[in-house]
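Chain by chain, the residues run as shown.
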Amino acid sequence: MIKLHDLKFVPFITEDEIITAIDKISAQLNKDLANKNPLFIGVMNGAFMFASELIKRFEHDCEVSFIKLASYQGTKTTDQVSELIGLNEDISGRTVVVIEDIVDTGTTVAVLSEMLNDKGCAAVKIATLFFKPEAYTKQIHIDYFGFKIPNRFIVGYGLDYNGLGRNLTDVYQLKSNNMTNLVLFGPPGAGKGTQAEVLKQKYDLVHISTGDVFRYNIKNATELGTLAKSYIDKGQLVPDEVTINMLNAEVDKNPNAKGFIFDGFPRTEAQADALAQFLSSKATAVSAMVALEVDDEVLVQRLLERGKTSGRPDDADETVIRNRIKVYYDETAILKNYYQKEDKYFGVDGVGAVDEITERLSKVIDTL
Ligand code: AMP
């Protein structure tokens, strides 16, 4: 992820993919315009990188010019297009290829096409690296494009956000919202609760511990509590459906949260899928799984020690403790793989002083 001015952007299209797309367009241009001596007109500033790569690959006679015609301000497209600057060539009777970085609403290409046709050129072709069909409102045919993309704001490969980002060789899209949602992970006794308390203050996040919510419900003898108690007492997992509904309700209680620390959730793949779906319905996602890694025997000792004061029956019995750790490895540890596949897994050494471990976690969180 990268930050430009106040906004965060996430990777979208790699330079390799862009080059492949440019190779394809170039092959087509070489075929279509071999004997036309076309005039390539790059639209500044955004198209400079694309224009350069495209024109390099043209193997026949051609001429090159650049013009300026800005239509972007910030992340919103405005309908005002300024004047055409820089076209000194006589274009009457010529085949012109307009090279654009992106075609969005289409205002720029529409105005440009009209201006070029008015100057009497024989044909105007449009070549753009990116094309947003959902945003496009004009009729002009887009002859060559590299990628059709959804209607999101992108930067890189010539495209900018308020001046920054043009030099990036990969393309990034605006992070849909800037929430930080952490899955704090690790076996029972790894110190998730302790760290969550510190991190929620430090990053202004809402901490949801499914274990705490269950215990609160057991204490208050709610229906949910009664349902969960039999599982918890044995160190088993509460059924997914119950846990997922409970979690969703907890998230919904905090509509203005800057983000969440999920502690003890998800514990199964079904819960991880449900969380992804639920967060995506709120235009956000899990930012990272940060996992505290602690040796089993250290865990057992920690939990027995905690059991002396926590009042938790599942901490007082070594058999239940060992079962909770076993359940973790049998059912929960697979989630490491789940988040690794999404490049979201970060393991952190969970042995040491509380503030040392916080520092290790913060190092990860600060890069998100
Ligand atoms: P914890 O406080 O996180 O160690 O959780 C205590 C107990 O609550 C667990 O041993 C489970 O029985 C139950 N529990 C907590 N979170 C979940 C979850 N995500 N899915 C199923 N059961 C859970």
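The rules behind each value
- Residue numbers here run from 1 along each chain, matching the order of that chain's written sequence.
- Residues qualify for local features only when their pLDDT is at least 70, as the model is predicted, and side-chain atom pairs are given and counted only at 80 or more; totals for whole chains, interfaces and linings, by contrast, use all residues.
- Note that the side-chain values use all heavy atoms of the structure and ignore hydrogens as well as water.
- Strands here mean DSSP runs of E at least two residues long; helices mean DSSP runs of H or I at least four residues long; both are numbered from the N terminus.
- The globule rule is 2.2 Å times the number of residues to the power 0.38, and the radius of gyration it is compared with is taken over C-alpha atoms.
- Burial classification: accessible surface area is computed with a 1.4 Å probe over protein chains only, and a residue below 20% of its type maximum counts as buried, one above 50% as exposed, and the rest as partly exposed.
- Note on contacts: a residue pair qualifies if any of its non-hydrogen atoms lie within 4.5 Å across the two residues.
- Accessible areas in this description were obtained via Shrake-Rupley with a 1.4 Å probe; residue shielding takes into account the shown protein chains only.
- Charge assignment in this entry is limited to Lys and Arg as positive and Asp and Glu as negative, and neither His nor the chain termini are counted.
- Here the site of a charge means NZ on Lys, CZ on Arg, CG on Asp, or CD on Glu.
- When DSSP locates at least two bridges between a pair of strands, those strands are taken to pair.
- Residue proximity to a molecule or strand is established when one non-hydrogen atom of the residue lies within 4 Å of it.
- Any N or O atom pair separated by 3.5 Å or less is treated as a polar contact, with the protein-specific requirement of one donor-capable and one acceptor-capable atom, and with residues adjacent in sequence counted only for side-chain atom pairs.
- Under the grouping applied here, Gly and all other residues not named as nonpolar or charged are polar, the nonpolar ones being Ala, Val, Leu, Ile, Met, Phe, Trp, Tyr, Cys and Pro and the charged ones Asp, Glu, Lys and Arg.
- For a helix, the expected span equals 1.5 Å multiplied by the residue count minus one.
- Definition of nonpolar core: a set of buried residues of the types Ala, Val, Leu, Ile, Met, Phe, Trp, Tyr and Cys, connected through side-chain atoms within 4.5 Å.
- Any pair of Phe, Tyr and Trp rings, taking the six-membered ring for Trp, is counted once the centres come within 6.5 Å. Such a pair is stacked with planes under 30 degrees apart, edge-to-face with planes over 60 apart, and tilted for the rest.

Now for the overall build of the chain. Counting its regular elements, the chain contains 13 helices and 16 strands. The C-alpha radius of gyration computed for the chain amounts to 28 Å, which surpasses the reference 21 Å derived for 368 residues by more than 25%, pointing to a less compact arrangement than a globule. In terms of principal-axis extent, the alpha carbons of the chain reach across some 90 × 35 × 30 Å. Evaluated residue by residue, the chain yields a buried proportion of 48% over its 368 residues. Looking at the chain alone, contacts between residues at least 24 apart form 71% of all its contacts between residues at least 6 apart. Counting every atom, the chain has about 18100 Å² of accessible surface; 49% of that belongs to carbon and sulfur. For the chain, the centre of its 41 positive side-chain charges and the centre of its 53 negative side-chain charges are spaced 3 Å apart.

As summarised here, the arrangement of the four strands in space is 1-2-11-10, forming an open sheet in which the pairing is antiparallel. The open sheet terminates on both sides in strands that have one partner only, identified here as strand 1 (2–4) and strand 10 (154–155). Summarising the sheet, strand 1 and strand 2 (residues 7–13) pair through three bridges and their orientation is antiparallel. From the neighbouring strand, lysine 3 faces strand 2, where its bridge partner is lysine 8.

Right, let's talk about the site of the ligand for a bit. As a structural note, the neighbourhood of the ligand is formed by 15 residues, with Thr210, Gln236, Gly264, Arg267 and Gln271 the closest of them. Here a nitrogen atom of the ligand and a backbone polar atom of valine 238 are 3.0 Å apart. Per element, the largest residue contribution to the shell around the ligand is four residues, and it comes from helix 5 (residues 210–219). Residue composition of the shell around the ligand, by class: five nonpolar, six polar and four charged.

Moving on: helix 1 (residues 15–32). Along its 18 residues, helix 1 runs 25 Å from first to last C-alpha, staying within 8% of the 26 Å computed at 1.5 Å per residue. Along helix 1, the residues that are buried comprise Ile18, Ala21, Ile22, Ile25, Ser26, Leu29 and Asn30. For helix 1, the secondary structure elements touched by its buried residues are strand 2, strand 3 (39–44), helix 2 (48–56), strand 8 (123–131), strand 9 (144–148) and strand 11 (171–174).

The next point concerns the nonpolar core. Counting residues in hydrophobic clusters, the biggest one holds 28 residues, and the most contacted among them are Ile99 and Phe130. Going through the elements one at a time, helix 1, helix 2, strand 7 (95–103), strand 8 and strand 9 are the ones with two or more residues in this core. Here isoleucine 99 is in contact with Phe40, Ile41, Gly42, Val43, Ala47, Phe50, Ala51, Leu54, Ile55 and Ala127, once residues within four sequence places are set aside. Residues Met179, Ile208, Ile244 and Ala274 belong to the second largest nonpolar core, which totals 24 residues.

With that settled, consider the packing of aromatic side chains. What the rule picks out here adds up to 11 aromatic pairs. Each ring, one from phenylalanine 131 and one from phenylalanine 145, has its centre 5.9 Å from the other, and the planes form 45°; the classification is tilted. Residue phenylalanine 131 is located in strand 8, and its partner phenylalanine 145 is located in strand 9; the two are separated by 14 residues in the primary sequence. Note on tyrosine 328 and tyrosine 329: the rings are 5.0 Å apart at their centroids and 80° apart in plane angle, and the pair reads as edge-to-face. Since its relative accessible area comes to 10%, tyrosine 328 is described here as buried. Linked through ring pairs, Phe9, Phe153 and Tyr161 together constitute an aromatic cluster.

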